[in-house]
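Observations on chain architecture
Here is how the chains run, residue by residue.
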Protein chains: 2
Amino acid sequence: MARPVSTPELVIDLDAVADAYRGIAAALPGIAVHYATKCNPHPDVLRRLHALGSRFEIASAAELELLETLGVAPGEVLYSNPVKPVAHIARAFATGVWRFAFDSHDEIAKLAQVAPGAAVVVRLAAPRTRSDVPSEGKFGVDPEQAVELVLAARARGLRPYGVAFHVGSQMLAPDAWSRPLRAVGWLMERLAEHGVRLSMVDLGGGFPARYAASPLPLAEYAAVIEAGLAGLPYGVEAVIEPGRAVVAEAGTLVASVIGTALRGGARWAHLDVGAFNGLMESLETGNRLRFPVRDSRDSAQRDRFHLTGPTCDSQDTILFDVELSADLSVGDHVYLGSTGAYTTVYASHFNGFAPPTVRCVSGQAAPGRGALVGAPPGQ
Amino acid sequence: MARPVSTPELVIDLDAVADAYRGIAAALPGIAVHYATKCNPHPDVLRRLHALGSRFEIASAAELELLETLGVAPGEVLYSNPVKPVAHIARAFATGVWRFAFDSHDEIAKLAQVAPGAAVVVRLAAPRTRSDVPSEGKFGVDPEQAVELVLAARARGLRPYGVAFHVGSQMLAPDAWSRPLRAVGWLMERLAEHGVRLSMVDLGGGFPARYAASPLPLAEYAAVIEAGLAGLPYGVEAVIEPGRAVVAEAGTLVASVIGTALRGGARWAHLDVGAFNGLMESLETGNRLRFPVRDSRDSAQRDRFHLTGPTCDSQDTILFDVELSADLSVGDHVYLGSTGAYTTVYASHFNGFAPPTVRCVSGQAAPGRGALVGAPPGQ
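So, how was this worked out
- Residues numbered from 1 in each chain as written.
- Chains lettered and ligands numbered in written order.
- Predicted model: local features only at pLDDT ≥ 70, side-chain atom pairs only at ≥ 80, totals over all residues.
- Heavy atoms only, no water.
- Domains from an automatic or database assignment.
- Buried area = accessible area lost by both parts, 1.4 Å probe.
- Salt bridge = Lys/Arg side-chain N within 4 Å of Asp/Glu carboxyl O.
- Polar contact = N/O pair within 3.5 Å; in protein donor to acceptor, adjacent residues only side chain to side chain.
- Contact = heavy atoms within 4.5 Å.
- Helix = DSSP H or I, 4+ residues; strand = E, 2+ residues; numbered from the N terminus.
- Least-squares fit on C-alpha atoms with pLDDT ≥ 70 in both.
- Buried < 20%, exposed > 50% of the residue type's maximum accessible area, 1.4 Å probe, protein only.
- UniProt positions renumbered as here; feature names shortened; annotations may be inferred.
- Core = buried A, V, L, I, M, F, W, Y, C linked by side-chain atoms within 4.5 Å.
- Pairing = 2+ DSSP bridges.
- Right-handed = clockwise from strand over helix to strand, strands pointing away.
- Arc of directions from axis to C-beta.
- Axes fitted to C-alpha atoms, helices over the stretch in contact; angles between N-to-C directions.
- Disulfide = S-S within 2.5 Å.
- Expected span 1.5 Å × (residues − 1).
- Phe/Tyr/Trp six-rings, centres within 6.5 Å; stacked < 30°, edge-to-face > 60°.

A closer look at the domain arrangement of chain A
All names here are of chain A. According to the domain assignment, chain A contains domain 1 (41-242) and domain 2 (249-365). Contact between domain 1 and domain 2 buries roughly 1,200 Å² in total, counting both sides, with carbon and sulfur atoms accounting for 60%. Between the two partners, domain 1 and domain 2, sit 0 salt bridges. At the junction of domain 1 with domain 2, the criterion picks out 4 residue pairs in polar contact (both at pLDDT 80 or more).

Observations concerning the interface of chain A and chain B
At the junction of the two partners, chain A supplies 60 residues and chain B supplies 60 residues. Both sides of the chain A and chain B interface together cover about 4,700 Å² of buried area, and 57% of this is carbon and sulfur. Inspection of the region where chain A meets chain B yields 4 salt bridges. For B:Arg263, the salt bridge is made with A:Asp103, and the minimal N-O distance between the two is 2.5 Å. Joining chain A to chain B, the criterion identifies 30 residue pairs in polar contact (both at pLDDT 80 or more). For the side of chain A that touches chain B, the elements supplying multiple residues, two or more each, are helix H3 (61-69), helix H4 (86-95), helix H5 (105-114), strand S10 (251-263), strand S11 (266-271), helix H10 (280-284) and strand S14 (317-325) of chain A. Counting residues per element, the side of chain A that touches chain B draws most heavily on S10(A), which supplies 6 residues.

Digging into the relation of the copies chain A and chain B
Relative to chain B, chain A is turned by 180° and slid 0.0 Å along the rotation axis, the superposed coordinates differing by an RMSD of 0.0 Å. Read as a symmetry element, the transformation amounts to a two-fold axis. Looking at the rotation axis and the C-alpha trace of chain A, the residue lying nearest is A:Ser348, at 2.7 Å. Taken together, the interface assignments show that 100% of the residues at the interface of chain A recur at the interface of chain B, consistent with an identical surface on both copies.

Overview of the environment of A:Val72
All names here are of chain A. If you trace the backbone, Val 72 turns up in the loop between H3 and strand S4 (77-79). When its relative accessible area of 8% is taken as the criterion, Val 72 is described as buried. Measuring from C-alpha to C-alpha, the distance between Val 72 and Ala 192 comes to 34 Å, with 120 residues separating the pair along the chain. Aside from chain neighbours lying at most four places away, what touches Val 72 is His 50, Phe 56, Leu 67 and Val 77.

A word on the UniProt feature "modified residue: N6-(pyridoxal phosphate)lysine" (unreviewed entry) in chain A
The UniProt entry lists A:Lys38 under the feature "modified residue: N6-(pyridoxal phosphate)lysine" (unreviewed entry), expressed in the numbering used here. Note that A:Lys38 resides in the loop between strand S2 (32-36) and helix H2 (43-51). Those residues in contact with A:Lys38 that lie beyond four places of it in its chain are A:Glu57, A:Glu63, A:Tyr342, A:Val345, B:Cys312, B:Phe350 and B:Asn351.

Some points on the UniProt feature "active site" (unreviewed entry) in chain A
Those places that UniProt annotates as "active site" (unreviewed entry) correspond, in this numbering, to A:Cys312. Residue placement: A:Cys312 occurs in the loop between strand S13 (302-308) and S14. A relative accessible area of 15% places A:Cys312 in the buried class. For A:Cys312, the contacting residues outside a window of four places in its chain are A:Asn351, B:Lys38, B:Ala59, B:Asn81 and B:Phe139.

Some thoughts on the nonpolar core
A general trend in soluble globular proteins is that nonpolar side chains are found buried together. Counting 207 residues, the largest nonpolar core has A:Trp177, A:Leu307, A:Leu336, B:Trp177, B:Leu307 and B:Leu336 as its most contacted members. Dropping the residues within four chain positions of it, A:Trp177 is found in contact with A:Phe165, A:Val167, A:Met171, A:Leu203, A:Gly205, A:Gly206, A:Phe207, A:Tyr221, A:Val224 and A:Ile225.

Brief notes about the pairing of strand S9 (residues 237-240) of chain A
All names here are of chain A. For S2 and S9, the ladder comprises 2 bridges, and the chain directions are parallel. Looking at S9, one finds that Val 33 is bridged to Ile 240. When strand S8 (residues 200-202) meets S9, the two strands line up parallel, connected through 3 bridges. When the bridges of S9 are listed, Asp 202 appears paired with Val 239. With helix H8 (residues 218-230) bridging S8 and the parallel S9, this β-α-β connection has right-handed handedness.

Here's the deal with H2(A)
Residues and elements named next belong to chain A. Along H2, the residues that are buried comprise Val 45, Leu 46 and Leu 49. Buried residues of H2 fall within an arc of 95° about the axis and therefore sit on the same side. Looking at the buried residues of H2, the elements they touch are strand S1 (9-13), helix H1 (14-27), S2, strand S3 (55-58), H3 and helix H9 (244-247). Positive phi shows up at Gly 53, right after H2, with a value of about 100°.

A word on unusual backbone geometry
Residues and elements named next belong to chain A. Here Thr 7 and Pro 8 are connected by a cis peptide whose omega angle stands at -5°. Checked against the element boundaries, Pro 8 lands in the segment before S1. At Asn 287, a residue that is not glycine, the phi angle is positive and equals roughly 60°. Here Asn 287 is to be found in the loop between H10 and strand S12 (293-295). Using a relative accessible area of 13% as the deciding quantity, one classes Asn 287 as buried. Positive phi outside glycine occurs at Tyr 342, with the angle close to 50°.

Quick look at the sheet that holds strand S3 (residues 55-58) of chain B
Consider a sheet: its strands pair through backbone hydrogen bonds, and that pairing is either parallel or antiparallel. Residues and elements named next belong to chain B. In spatial order, the strands read S2-S3-S4-S5-S6-S7-S8-S9; together these 8 strands close into a barrel with parallel pairing. Averaged over all adjacent pairs, the angle separating strand axes in this sheet is 30°, with direction ignored. Two elements, strand S4 (residues 77-79) and strand S5 (residues 99-102), share 2 bridges in a ladder whose sense is parallel. Directly across from Leu 78, in S5, lies its bridge partner Arg 99.

Looking at the state of the cysteines
For the structure shown, the criterion picks out 0 disulfides over all chains. Considering cysteine sulfurs only, B:Cys39 is the nearest to A:Cys312, which forms no disulfide, with 10 Å between them. Cysteine B:Cys360 remains unbridged, with the sulfur of B:Cys39 as its closest cysteine sulfur at 13 Å.

Quick look at helix H1 (residues 14-27) of chain B
Residues and elements named next belong to chain B. For H1, spanning 14 residues, the distance from its first C-alpha to its last is 20 Å, which sits close to the expected 20 Å at 1.5 Å a residue. Within H1, the full set of buried residues consists of Leu 14, Ala 16, Val 17, Ala 18, Ala 20, Tyr 21 and Ile 24. For H1, the side-chain oxygen to backbone nitrogen distance between the N-cap and Asp 15 is 2.9 Å, and the N-cap itself is Asp 13.

So, the packing of aromatic side chains
Under the defined criterion, the tally for this structure stands at 28 aromatic pairs over all chains. Between A:Phe276 and A:Phe350 the ring centres are 5.1 Å apart and the planes differ by 55°, which places this aromatic pair in the tilted class. Of this pair, A:Phe276 sits in the loop between S11 and H10 while A:Phe350 sits in the loop between strand S15 (333-336) and strand S16 (357-361), placing them 74 residues apart in sequence. Ring centres of B:Phe93 and B:Phe100 lie 6.3 Å apart, and the angle between their planes is 50°; on these two criteria the pair is classed as tilted.

Put into structure tokens, the structure is as follows:
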């Protein structure tokens, strides 16, 4: 791969996006895939997924407008953010979006007002399970409260349509889907007693990507999910909303070393990209996301480094204690793998350092999935 | 105050900025104030501070270019980021910046190459002390290593000029400056043995702002700093680099309630601003920064809320367990005080939610410092 003219640059391999999408669709046959637009809304990524038959999930009117410019039919878009500004609901409903998540009486009132008769999807709280990107319990209600909300929605002229939950991003434990699916079953039974039959269960996202270590195969997730769906009281359409699992591994962030330093016995490498202009998830997760790394020097002699960003902010650090070429020097490139998800979308210009430029490649121009960073350690 | 046409809107009271600047300058007479540009680089804020005689501290060439457009003389700017891209150093040096921080041999090599003869300021590590915005030890070396670095810089034709440290942002303990100042004294003595006499000590930033609770008065910080400076082996120019203490309290973020919800017994209020489009420090600090809050309803009947943002991301939460009007409803405004620092600079458009617009006010248009949010609880 030719060195980019300037760094930081995020290279997205669209063939790898396609491979990941197909892998997910094949592992979960009969389940509709609605890509989580927020994760990486680059138009070329969305266009490729649309061409492959992916559907989409949105959290705001702006995301919908972007999808519309790419020819996505609003009727196939799920509006999965349970709390929405009124104007966004009205805009989406007018455009043809007809399925909306909710988990509160306020949302029922807003939907009844500006999206009369809309199909509504109640959001259940998922029990806290181990996930590398922690959740704060912001959304979702318990099944008893869900029954009450669905009946209240029906009473306001809305159409009880589905139930959704989200186990948390980068979920490493497949059985995280088990308990929520049992709760879905309980809810379906209770609602049936009130004459409500649901059409859809939205299993959310959370499917993991490979960082330094590989997650369990998708087949293990599929097995848990299929068993859970089989246990439901009647058949419903099932959908998933993967984001990270679709695009993370397709991205390689090319950064330049702007300085190295020895401080208190530790070697530091400072890059032109850090938490604030592209790798905010490092900060969000307390540096637990271990992006696979490699450098352009690729020397046999190795050393351990703390990898940090260009700002004067001490929280701008990407990874502690990673192995790179011992002679890593100013001007060398560092390749950060699995950076296709939740990177550019969180980036700011803090301290005057711009976010990465993005270059999408495919076909002959693509280096092949993972080729830039090689196999992660221990593989 | 008239309701803004659209929210979120960050209102910055430039008179409050001026008051805070004057208060800091008065509390620390004889110490030059270099405002930390990164904290809030709004041109109107910088212009007002420049007019008041404030100097500036930068961390990148882009920050310098912004200051230049406002008529700031580069010769009065400190380039305090210890690790800088070569091109940024060259750009700053060519423009007239002559003082550069460093803490590594790499930086010496870069400075000697593109800023020959520049004055250099060695960065000492400050011991970890209680601070609401945690530090990861990214910058700074111990005094022994500093001696070696200063001599190495001199050997490369650079001019040993000063020593700097930073105690950590929002530092609530004035005595955090004591130990680093003793280390500065030790360093000055050791360097004197090598014929090196320093001209400047940079005491960094870290001076706190008022959030829900008031910090100790500036006089207590000044007393510790004056005692520390008096204990140095010879007189040097002292400078500080406040950011948060200058601008935080001048900012009030006006947000709209987009929904309320009851989940698991807790009441949630969802606003059109959250961690990702303006309040990233909530996430960075684990929601420990207690912004004072008030709402437009201002009812006698109060209730406790978790205050969260508009995205579908569970980490988008601003504050847990704050008191607001019990009848808080969709469309009401919530005013978040002390939001003038480190807000817009970290904001992204994640999920399609735009950062706040910024409106600077002064004179008759200004509501008066703190008037929007009133006195914090317990005052």
